[in-house]
Amino acid sequence: LLIGAWFLNMKRAQSAATVVMLTIMLAGGFFVRDIPVWMSWIQYVSYIMYAWNALVTIHLKGRVLDCADLAETEGAACENTLLDGMSFNVSVGEYIGILLAMLVILRFCVYLALRVGAKE
């Protein structure tokens, strides 16, 4: 929505939306787990990361042992899986709060983009 409000030209908006959405999906942690250090900040901009972590926490908290708490011999089952690097220290409410904050901020940015774009 923000990209469509920012670029009033349809072709430019589609090109920008493709680049932004692919970046958000790849940085979200579902498809790519090992992001280079210099790009690791992008994962915190991705709403997919927060939604994915909230869903994993809802479904697996209390059902699966936390990999950080396991001994080295028992922790081998957590290596190279989706649970590798997953911790359940953040509550679902915090993830949902972050998603709601992103929603409000992005909607405000859409408002600003439309205000500025309408004047031109």
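Structure's up top.
In what follows, the accompanying structure is described. (Residues numbered from 1 in each chain as written. Predicted model: local features only at pLDDT ≥ 70, side-chain atom pairs only at ≥ 80, totals over all residues. Heavy atoms only, no water.)

A few words on the overall build of the chain. Scanning the chain from N- to C-terminus turns up four helices and zero strands. The order of α-helices and β-strands along the chain, N terminus first, is α-α-α-α. Burial status across the chain gives 22% buried among its 120 residues. Considering only contacts in the chain between residues 6 or more positions apart, those separated by 24 or more positions represent 54%. Here the chain has roughly 8900 Å² of accessible surface; of this, 67% comes from carbon and sulfur atoms. (Helix = DSSP H or I, 4+ residues; strand = E, 2+ residues; numbered from the N terminus. Buried < 20%, exposed > 50% of the residue type's maximum accessible area, 1.4 Å probe, protein only. Contact = heavy atoms within 4.5 Å. Areas by Shrake-Rupley, 256 points an atom, 1.4 Å probe, with all protein chains shown as cover.)

If you walk through the whole model with that rule in mind, you get two aromatic pairs. Considering the side-chain rings of Tyr50 and Tyr95, the 6.5 Å spacing of their centres and the 50 degrees angle between planes classify their relative orientation as tilted. With Tyr50 in helix α3 (residues 47–60) and Tyr95 in helix α4 (residues 92–119), this pair connects stretches of sequence that are 45 residues apart. Since its relative accessible area comes to 9%, Tyr50 is described here as buried. On the basis of relative accessible area, Tyr95 is assigned to the buried category, the value being 8%. (Phe/Tyr/Trp six-rings, centres within 6.5 Å; stacked < 30°, edge-to-face > 60°.)

On to the environment of Ile98. Along the chain, the position of Ile98 falls in helix α4. Given the relative accessible area of 33%, Ile98 is considered partly exposed. Separated by 48 residues in sequence, Ile98 and Tyr50 place their C-alpha atoms 7.5 Å apart.

On to the layout of surface pockets, then. In this structure, the largest pocket occupies an estimated 610 Å³ of space. In this structure, the largest pocket is lined by 22 residues; those nearest its centre are Leu2, Val20, Ile24, Tyr47 and Leu106. Elements supplying a minimum of two residues to the lining of the largest pocket: α1 (2–6), α2 (10–27) and α4. Partitioning the lining of the largest pocket into residue classes produces 19 nonpolar, two polar and one charged. (1 Å grid on protein atoms, 1.4 Å probe; cavity = no way out; pocket = protein on both sides within 12 Å on 5 of 7 lines; lining within 4 Å. Points joined across faces, edges and corners; volume = space filled by probe spheres on them. Nonpolar A, V, L, I, M, F, W, Y, C, P; charged D, E, K, R; others polar.)

Counting residues in hydrophobic clusters, the biggest one holds five residues: Met49, Tyr50, Ala54, Tyr95 and Met102. Every element with two or more residues in this core is listed here: α3 and α4. No other element matches α3, which puts three residues into this core. Apart from the residues lying within four places of it in its own chain, the contact partners of Met49 are Gly28, Gln43 and Tyr44. (Core = buried A, V, L, I, M, F, W, Y, C linked by side-chain atoms within 4.5 Å.)

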